[in-house]
Amino acid sequence: MMHVHDLRAINVFGIGAAVVGFAGLCITTQALRETYAVPSSATRRCVLASMLFVMSVDLIITALGCLVTLLDMQIAGGARG
């Protein structure tokens, strides 16, 4: 059984990055939904494009945080001996 004090610093960094990326993704999704309430214009299209860019960056941060944690815990490569 793994306890919190068994986590190494890189695992804590990966978990923290994944949580921060997921929180940013949720906030950006809500902002994107509110942008659709604005009447269609050139400004709205620019805001939508920038929100989609921010969402893609948040998704990459979340994925990399999970990847760092999983690779360090060797879940992808097998159990520790």
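Refer to the structure above for everything that follows.
From a predicted model like this one, the values you see are computed outputs, not experimental measurements.

Novice: Quick question: what am I supposed to make of the side chain of Thr35 here?
Specialist: Examined against the element boundaries, Thr35 turns out to sit in helix α1 (residues 9-35). Contact partners of Thr35, with chain neighbours within four places excluded, come to Arg44, Val47 and Leu48.

Novice: Please explain a nonpolar patch on the surface as it appears in this structure.
Specialist: Where nonpolar side chains cluster on the molecular surface, the patch consists of Phe53, Val54, Val57 and Ile61 and spans about 330 Å² of accessible area. By secondary structure assignment, the location of Val57 is in helix α2 (residues 42-72).

Novice: Can you walk me through α1 in this structure?
Specialist: Residues spaced three or four apart along an α-helix face the same direction, because each turn holds 3.6 residues. Helix length check: α1 (27 residues) gives 39 Å between terminal C-alpha atoms against 39 Å at 1.5 Å per residue, within 8%. Turning to α1, its buried residues number three or more, namely Asn11, Gly14, Ala17, Ala18, Gly21, Gly24, Leu25, Thr28, Leu32 and Thr35. Taken together, the buried residues of α1 touch α2.

Novice: How do you make sense of the packing of α1 against α2 when you look at a structure like this?
Specialist: Axes are the key here: two packed helices are described by the angle between their axes and the distance separating the axes. Contact pair α1 / α2: the axes reach a minimum separation of 7 Å and the direction vectors enclose 160°. Taken together, α1 and α2 sit at an angle that is classed as roughly antiparallel. The two elements α1 and α2 cross, and the hand of that crossing is left-handed.

Novice: I tried to follow α2 on my own but got confused; where do I start?
Specialist: Compared with the 45 Å implied by 1.5 Å per residue over 31 residues, the 45 Å span of α2 between its first and last C-alpha is a close match. For α2, the set of buried residues is Arg44, Leu48, Met55, Asp58, Thr62, Gly65, Thr69 and Asp72. On its buried face, α2 sits against α1.

Criteria and thresholds
- Residues numbered from 1 in each chain as written.
- Predicted model: local features only at pLDDT ≥ 70, side-chain atom pairs only at ≥ 80, totals over all residues.
- Heavy atoms only, no water.
- Helix = DSSP H or I, 4+ residues; strand = E, 2+ residues; numbered from the N terminus.
- Contact = heavy atoms within 4.5 Å.
- Patch = residues over 30% accessible without salt bridge, like charges linked within 9 Å, V, L, I, M, F, W, Y side chains within 5 Å.
- Areas by Shrake-Rupley, 256 points an atom, 1.4 Å probe, with all protein chains shown as cover.
- Salt bridge = Lys/Arg side-chain N within 4 Å of Asp/Glu carboxyl O.
- Expected span 1.5 Å × (residues − 1).
- Buried < 20%, exposed > 50% of the residue type's maximum accessible area, 1.4 Å probe, protein only.
- Axes fitted to C-alpha atoms, helices over the stretch in contact; angles between N-to-C directions.
- Parallel < 35°, antiparallel > 145°, perpendicular 65-115°, else oblique.
- Left-handed = near helix turned anticlockwise from the far one by under 90°.

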